[in-house]
Amino acid sequence: MVKCFLIHTLCPVSTLSAKESRILYCRVFEPMDQLSGMNTDIIPEEKRLLEKEKLATIARQVQSTCSLWREARGQPSVEPVLGEEARALEEADSGMLRLPVGDPFPEEHFLLWLGVHALGFSMVCQADDNLLLAEGTLRSLASHCLESLRLLAPGSEVLLKSDRIEALLHHLVPHGQLLFINHRFAQSLDKELTACMAK
Amino acid sequence: MYAQGTESLIKQAREINDEELVKFYGRISKLLLNKDYGNETVDSLQRLHLIVSATKYGRRLPSDLLEKLQALLCSPGSSEQLQVLSSSILREGLPLSVAKLPIKDLQDSRTTSYVASVILAQAKSKAELAELSHHLLKAVEIRQPDVQVCRHTLPILSAAIRSSPDVLMEDHVNLVNRKLVDWLRYASNQQGASMSTGGFFMGPRARQPAPMNEVDGAVAGDFFTVLCVGQSYTEDQWMNMYAFSMLRKWLRTYDIEENSGSGADDRSEVDGSVMSMVSATSSSSRLLPPKERLREKAFEYCQRLVEQSDRKAVKKADTELQKACLVEAVTIMNIICKEDPSFVYRAFPCIKALYSRLSGDLAFSRVLLPIAQFYLNHSETAAVDSEAVFRQLFSSFPAELFNEPMLAFEFVQFCRTNMAVLQESMPLYGQSFPNLLKVSPRPSVPLVSPTPPCCHGNHNLCLCRKFLAWNSPALVSEYMELLPSLLAPSTAIELLHSLLDLPCLAAVLDLQLRSASYAASEKTLWDSGGSKAPSSLDAFRQPHYRGMFLYILRPEAGTGDTIDRLRMLHDILADMVESPRVVQCAQTVPVLLHVYFHTVAQFADDKLINQLVLVLLERSSLLMDIKNYQTEVQRVFSSHLLALCKLHPSLIMEQSRELLDMAGSTINIYQKEELYTHVVWAIGEYLSLSHDARCTVEHITSSFETLEAVLFEITQVRQSASAPRFSPRLVTVLMTTLAKLASRSQDLIPRVSLFLSKMHSFTCSAPVVACYSEEDREAIVTRAHELVNLLKLPNVAQFVLTPSASGDTPRWHRDTNASLPFAMRALSGLLPKHNTFLTG
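Residues numbered from 1 in each chain as written. Chains lettered and ligands numbered in written order. Predicted model: local features only at pLDDT ≥ 70, side-chain atom pairs only at ≥ 80, totals over all residues. Heavy atoms only, no water.

### Here we look at the interface of chain B and chain A
Part 1 of the argument: Across the contact, 96 residues belong to chain B and 84 residues belong to chain A.
Part 2 of the argument: For the pair chain B and chain A, the summed buried area comes to about 7,900 Å², and 59% of that belongs to carbon and sulfur atoms.
Part 3 of the argument: Tallying contributions element by element places helix α10 (residues 235-254) of chain B first for the side of chain B that touches chain A, with 10 residues.
Part 4 of the argument: Taken together, the residues that form the side of chain B that touches chain A break down as 44 nonpolar, 27 polar and 25 charged. (Contact = heavy atoms within 4.5 Å. Buried area = accessible area lost by both parts, 1.4 Å probe. Helix = DSSP H or I, 4+ residues; strand = E, 2+ residues; numbered from the N terminus. Nonpolar A, V, L, I, M, F, W, Y, C, P; charged D, E, K, R; others polar.)

### Concerning the packing of α10(B) against helix α14 (residues 316-339) of chain B
Residue and element names in this part refer to chain B.
Part 1 of the argument: Running from N to C, α10 and α14 cross one another at 25°; their axes reach a closest spacing of 10 Å. It follows that α10 is roughly parallel to α14 by the angle criterion. As α10 packs across α14, the resulting crossing turns out to be left-handed. For the pair α10 and α14, contact is made by Phe244, Leu247, Arg248, Leu251 and Arg252 and by Cys325, Val327, Glu328, Thr331, Ile332, Ile335 and Ile336, respectively. (Axes fitted to C-alpha atoms, helices over the stretch in contact; angles between N-to-C directions. Parallel < 35°, antiparallel > 145°, perpendicular 65-115°, else oblique. Left-handed = near helix turned anticlockwise from the far one by under 90°.)

### Describing the packing of aromatic side chains
Part 1 of the argument: In the structure shown here, the tally under the stated rule is 19 aromatic pairs over all chains.
Part 2 of the argument: When the ring of A:Phe185 is compared with that of B:Tyr233, the centres are 3.7 Å apart and the planes differ by 10°; the resulting orientation is stacked. Separated into two different chains, A:Phe185 in helix α6 (residues 183-198) and B:Tyr233 in the loop between β2 (228-229) and α10 make up a pair that spans both. An identical accessibility class is assigned to A:Phe185 and B:Tyr233; each is buried. (Phe/Tyr/Trp six-rings, centres within 6.5 Å; stacked < 30°, edge-to-face > 60°. Buried < 20%, exposed > 50% of the residue type's maximum accessible area, 1.4 Å probe, protein only.)

### Some remarks on the pattern of salt bridges
Part 1 of the argument: Here the structure, examined in full by the defined rule, presents 45 salt bridges over all chains.
Part 2 of the argument: Between B:Asp166 and B:Lys126 there is a salt bridge whose closest N-O contact spans 3.4 Å. Of this pair, B:Asp166 sits in the loop between α8 (153-163) and α9 (170-185) while B:Lys126 is found in helix α7 (residues 126-142), placing the two residues 40 residues apart along the sequence.
Part 3 of the argument: Note on B:Asp166: relative accessible area 47%, which makes it partly exposed.
Part 4 of the argument: Residue B:Lys126 is classed as partly exposed on the basis of its relative accessible area of 36%.
Part 5 of the argument: Within the structure, one salt-bridge network assembled from shared partners comprises A:Arg98, A:Glu108, B:Arg416, B:Glu478 and B:Glu481. (Salt bridge = Lys/Arg side-chain N within 4 Å of Asp/Glu carboxyl O.)

Purely geometric numbers; function is a separate question.
Right, dumping it as C-alpha cells:
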C-alpha cells in the first residue's frame, strides 16, 4: 500500500534555502498516524501541520539523496525537451531509501524516488510491499504526469491541473493499493482516465 | 520544469487576503447553487484546491460551501472530474466533513469510491471506518442485480484495515475470505465485451465471448489470473486483479493461526496427507473452512502465476509485470507455508524449478531474493539443500550487479531482515567455503606481512562491500545496522582493513566500469570528450598491476593485506581522490568505523585487542589521500585507542615497542598529531605497575627517555627555526606524561624538573609567541609549574599522577589530560570538611 505520493522540486528554488524542496503536489492515502495509536484529541489544524512537515522532510531527503547520486554519477545532465518524456524517464535517476521507525512515521517504510531533471517523484510504501511493482507503478505515474501536465515545459499546470494527478492516482493506485495490471488492464484504465478528463 | 511563475502562484495562493477569499468562496457557492458545471466552475474549483493545499496551515471552508461540495461529491450525476475536485478539496480543507457524508445512501460505485477517499483521509474513529467497510461488504454479500458492487471495494477495505485491522468482525473476515476465493479462482475465463464508452461499472456481456489469452498470445489454458490478456475485462476479472493485488496484505493481517497448539498440528497433518496424494481438487477444498480454503486457492493462484511467468510476453510492460508477479507469488507462498507447514512440500518443487530457471538470468536477480527468503525459511523443514542459492546470492550478486541501486537496496534489506538467521548459520557457510578458497587462485601478490587466512566465514559478506562502496550515501544507515552481524572474532581484522580500503574499492570499481566502456568505445569517447584517459585507468589495464587490483576487488576474505603494495595502489589511484563517488564513500567510513569499534569491543579478547592496536598504528598513515579522510579516520582511531586501552591496559606493555616507535618519531606529530597525542597519553596513563605486573623501571625509563627526546626536539631544537606546527595541547600532554613516568621511577624526577623549568623560555621564543595565544602560553607555563611543584613531593605526586585503577572512570579525564584536576578537586573537597571537624 502506498502511503503517500509527492511531486517536488530537485532544483534550487529562489525563495527556499538550498537544501529545501518545494512540494508541488502531494496525496496522502493513509493518515500519517494509525488510528489505534492516534491521539483523537489532537486539533485537525495541528495534525495537518504535522503531516505537511513530515512530507517536507521526505522531499528534502529525496533532494539530498538525488543530488549526491547525481554528483557521484558525474555525468552532466541534458536540457529537458518537451515531447521526449519517454527518454527523460529512461534517463531518470532513481533509488530507494528506508524510513526507519519513528523517522518520520511510527512504522518503518520504504521511499522510492525518481529524479527527472528538476522534478522528483516520490512514493512512500509500506515495508512489506512489492518494491518491484511499486517501482513500475511510480514510473508509470511519472510518465502519465509528465505527459498530461507537460511537466518538461515551463508552466504551472502541476499546480492548477492537479485534479488530473488526482484522477490518475484514483485509477492507477486506488486508495493507495498497488495494482498488478497487465498492458490490457492498463489500456482500459487509460481509456477511463481519458474519458474522465475529456469532460 | 519548475518555473518562476509556479513559485509566484504558490505565493499568491498562500497570501490571498480574507476579503478576496470570502468573495471567491461566495462565487463558487453561487456557481454550484446554479448547477453551473461549466469550465468556469472547474477552473474555480481547481484554484480553490490550490488555495487549500498550498499552505501547511489548514484553511476552514464556510459551511454553506462545504455542504455544496459534499452534495457535488455525492451526486451520481456529477461528472468524474467534479467529483475528483470536490473530494480533493474536502480532503485538504477543514473542518472535517466525514460525519455528514451519507455513505449509507450511496448506490453508485464511482461515487462510493470518491466519498470513501474523503472518509479514509479524515476518519477520526474506528466507527467511521467500520461503517464504511460494512456498507461495502453488504453490497458484496447480498448479490442483488440492482446493487452495484463498488469496484474499489477491496482497495478501500485494504486501506481501512491498514488504519485499524479490527474494523472487521469475524463474520466479515469470513465473508471476504469466501469472496476472495471466488474472485481469485473462479473469475470468468472469457473476454468481456469491448466497450465503446468509458462506462465505469457496466458489466456488459459479450455476444460471442472469446477466450482469454496468455501474455505470449496463446489461448489461456487454465483459470484467469492477472497475467491473462484480453480485449476487455468483465467485472469479476477486474475483481480478480484487485483481489490478487491486496492478497498479500490480507493474508498478513488475517491469516494468522491464533492457537498454534496441538489442534493446529493435527489438522496440518491431515491436510498434508490429503495434499500428498493428489493436489486438492475444488470439491475437496470446498469442505475446508473459509480461511483454509483461501489459503488453498491463493496457493494454486500463485502456482499458476509461476507457470505463466515462463511465457515470453509480447509486450515489455507484461515482462515487467511477470517479474513483479513472481516476487508476489513466491512471497505469498512463503506466507502460506509459514502458517501451514504442510504446504512446504507442495511449494518446493515449484520454487526449485523456478530457481533453476531463473538463476542464470541476471535480469531476474530481484526475483531471486524472495526465493532465497523462501529457502531460508523452509529449506530445513523440507530438508532441501540451500547452499547453491546462497552461494549465488552472496557471490555473483554483489560482484556483477554492484551498480544496480535498487537491487543493492533490496539485497541489503534482505540481509538486514535476516541478520539473526544468517549470523547463526554463518558457520555452515564457513565450513562449505574453505575448499572453494583453496581452489580459487590467490592473487600473485608478494605478501609482505600476510595475515593468517582465517576469514573464510565472511567470504560471502565480504562481497557486500561492493554494494556499500558504490552506493555509500544511500546505504550507510543500513550498513550501520548490518555491520555488527558481520563481525566475528575471526573476521574482525580483515573487516577493519576492508572498511579502511572502502574508498579504494569505490575507485577501483569506477575504473572497472570505465575500463569496460573505454574498451567498447576505443578511446574515441575519451578523446572527443576532450579528456585523456587518466593514468589510473591505464594502470588498471596493465597486467603488471593486475594482481593488486584483483586484491582490492577480491571476492573472498582471507588473502591477507600488504603494506607496500597498498601504498603503491594509493599512488596509482591518486587521480581518483577527488572523484565524488570516492569522496562520498570516504565520508561514510568514519561512521562505520565507530560502529565497528563499538561492536568489536564487546567481544574482543586480549589477543584481538593487541592485533587491533597494531592495525591502528599501521593503517593510521596508510590511507588513501582523500581530503579530510586521514584526519577523520585518525580521530576515530584516537578515541577508540583509549577505549581499547581501558579494556586491556596491558596492551601498553605488550605493544610497547610499536607504541614507542610511534611516539618516538617526531614526523608522526606533524602527520597525525591527534593519534600521536592519544598514544602518548595512553603510555603515561597505563605504563605502570598497577596496570601490569611486568612493568619494570627499565620500561618506564626507556619510555621516558624516548618522550623526553621528542619534547626536547620540538621545544628546544626546532623552535628557534620555525613556528611550531603542533598544538599547545601536545606540549602539555608530553610534559604531563613525563611527569607521570617520573613519579613512578623517582630517579627521573630531577631530570624532568629541570626540563620543565625550561618551558618558560620556550613560550617566550618569537615563533611561539607569534603562533600561540597568550592563554595557551600561560597554560603551558602553569602546567609546567604545577608539575614541578607536585614532583617536589614524590609520594603525593605518585598518588595524584597515578590514580588507582579501581577508581577509574573516563569522565575524570574529560577536561584535561591528567588525573590532576580530579585529585585536586577531591582534596579540596576534603579540606573544608576537615576545617569544620576541627572547629566543631
